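Observations on the three-dimensional arrangement
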Amino acid sequence: MIKTICPLNYKGGVGKSTTAYNLGVALWLLGKKVLLIDTDTQCNLTNLIGFSQKQGDATFYEWLTKEEQKMPAYEQYPGLYYVPASYELSNIESYLMNKRNRDKILAKKLSPYLSPLPNGDYLFDYIIIDCAPKEGIVNDNVMSASDYVLIPTECSGFSLQGMQNLMFSIIDVKENLNEKLEILGFLLIKYDKQTRISKQVTEFFETNYPDKVFKTKIRKNVKFDESPLRHQGIFEYAPDANGAEDYMSLAEEITGEKRPEDWREKSLHAWNVKNNIKEEEE
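In this report, we go over the structure that sits alongside the text. For every chain, the first residue of the written sequence is number 1, and numbering continues from 1 along that sequence. In view of the model being predicted, local features appear only for residues whose pLDDT reaches at least 70, and side-chain atom pairs are presented and counted only at 80 or more, with totals across whole chains, interfaces and linings using the full set of residues. Side-chain measures were taken over the full set of non-hydrogen atoms in the model, leaving aside hydrogen atoms and water.

Remark on secondary structure: sheet strands pair via backbone hydrogen bonds, oriented parallel or antiparallel. Between any two strands, pairing holds if DSSP finds at least two bridges. The helix and strand labels rest on DSSP assignments: H or I over at least four residues marks a helix, E over at least two residues marks a strand, and numbering proceeds from the N terminus. The eight strands lie next to each other as β3-β4-β2-β5-β1-β6-β7-β8, forming an open sheet whose pairing is mixed. The sheet is open, and its two edges are formed by β3 (74–77) and β8 (218–219), each paired on a single side. In the sheet, strand β7 (residues 182–191) pairs with β8 via two bridges, with the strands oriented parallel. Paired with Tyr191 across the bridge in β8 is Arg219.

For the rest of this paragraph, the subject is the packing of aromatic side chains. A pair of Phe, Tyr and Trp rings is counted when the ring centres sit within 6.5 Å of each other, with Trp represented by its six-membered ring. The angle between the planes then sorts it: under 30 degrees is stacked, over 60 is edge-to-face, the rest tilted. On inspection of all chains with the given rule, the structure shows 13 aromatic pairs. Ring geometry for Phe205 against Tyr209: centres 6.0 Å apart, planes inclined by 25 degrees, an arrangement best described as stacked. What links up through ring pairs into an aromatic cluster is the set Phe186, Phe204, Phe205 and Tyr209. When the ring centre of Trp263 is taken as reference, the NZ or CZ atom of Arg259 above it lies at 5.1 Å. Cation placement over rings: the criterion is NZ of Lys or CZ of Arg within 6 Å of the ring centroid and within 35° of the ring normal. Here Lys266 stacks its cationic end above the ring of Trp28, 4.6 Å away from the centre of that ring.

A few words on the pattern of salt bridges. Note on definitions: salt bridges are taken to be side-chain nitrogens of Lys or Arg within 4 Å of carboxyl oxygens of Asp or Glu. Within the structure shown, the criterion is met by eleven salt bridges. For Lys174, the salt bridge identified is with Glu182, shortest N-O distance 2.9 Å. Burial classes: relative accessible area under 20% of the type maximum marks a residue as buried, over 50% as exposed, and values in between as partly exposed (1.4 Å probe, protein chains only). Overall, Lys174 belongs to the partly exposed group, its relative accessible area being 29%. On the basis of relative accessibility, which here comes to 35%, the residue Glu182 falls in the partly exposed class. Measuring nitrogen to oxygen at the nearest pair gives 3.3 Å for the salt bridge that ties Arg264 to Asp240. You can see Arg264 sitting in helix α12 (residues 263–274) and its partner Asp240 sitting in the loop between α10 (234–237) and α11 (242–255), a full 24 residues away along the chain. Look at Arg264 and you get partly exposed, because its relative accessible area is 31%. When salt bridges that share partners are traced, they join Asp240, Glu245, Glu252, Arg259 and Arg264 into one network.

At a minimum axis distance of 10 Å, the contact between helix α1 (residues 16–29) and α12 shows a crossing angle of 110 degrees. Viewed along their axes, α1 and α12 adopt a mutual orientation that is roughly perpendicular. Remark: the crossing between α1 and α12 carries right-handed chirality. Residues Val25, Trp28 and Leu29 of α1 lie in contact with α12, whose contacting residues are Trp263, Lys266, Ser267 and Ala270. The classification used treats Ala, Val, Leu, Ile, Met, Phe, Trp, Tyr, Cys and Pro as nonpolar, Asp, Glu, Lys and Arg as charged, and all other residues, Gly among them, as polar. Its residues placed into classes, the contact of α1 with α12 shows five nonpolar, one polar and one charged. Angles shown run from 0 to 180 degrees and are taken between the N-to-C directions of axes, each axis being a line fitted to C-alpha atoms and, for helices, limited to the stretch in contact. Oblique is the label for any angle not under 35 degrees, not over 145, and not in the 65 to 115 range, which are roughly parallel, roughly antiparallel and roughly perpendicular in turn. Crossing handedness: left-handed means the near helix sits turned counterclockwise from the far one by under a right angle, and right-handed means the same turn made clockwise. In what follows, a contact means two residues having at least one pair of non-hydrogen atoms within 4.5 Å.

Put simply, a disulfide is two cysteine sulfurs that come within 2.5 Å. Tallied over the entire structure, the rule returns zero disulfides. The closest cysteine sulfur to the non-disulfide-bonded Cys43 is located on Cys131, 14 Å from its own sulfur. When its relative accessible area of 2% is taken as the criterion, Cys43 is described as buried.

Located in the positive-phi region is Cys43, a residue other than glycine, with phi close to 60 degrees. Position of Cys43 relative to the elements: it lies in the loop between β2 (34–38) and α2 (44–49). Notably, Asp211 is not glycine yet its phi reads approximately 70 degrees, a positive angle. Residue position: Asp211 is located in the loop between α8 (196–208) and β8.

Now the structure itself:
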């Protein structure tokens, strides 16, 4: 069965888009078929991928607002696809406000792509939906269409900002819109085992949400800030960095599977092929 995961936190700047893309690539490196969906008007995931919308290119906005629009899924690598966002999404909340069943539109749109094919396979193994850092109808749609919420949490004094409202929203959606919705886990971001604040934040979440904190922690790494400038994730930009190791470990923790030996080379090679970059012969 397809698993749909939304990285979500009502606080901005905690690594939602970074997590959406790099987790998606890590799952792809494990041999999974992955779809990434950007629902955020800031388009961070879309920009990280390097999608440049041309006239006539459909995005998440057209998919959600036009009845006849099929899913505009673009290929990043073979087996890894994405639905980009656009800045037109700034108008989406007002558009949805007057729609019937406004909180379930995305779930309805996704439904045809979740059924098994005639051979019993599925189009995707994982769907990861990137979200805006705020409450709203779009995020209610995302949670209504998801199986799990993954909560990236920065190891800082602001880590609890918006957390109470987020937990209320998850409970509300689960009780009224999507009874299967569960918290997949809290993912600690910018973790540094040497700092007191990282230890305090870890202790808080492990105490208050036992069994819901990932063993994997995403360590602080400047490569995460540099890679979007090249329209690359951590696996393409710095596969030897601890950030790549951490997201690979997260994918293993989620799936229970082990990484292939060539995982560091595979994504870089795919990126080079996509961008027609000639690789040096060994």
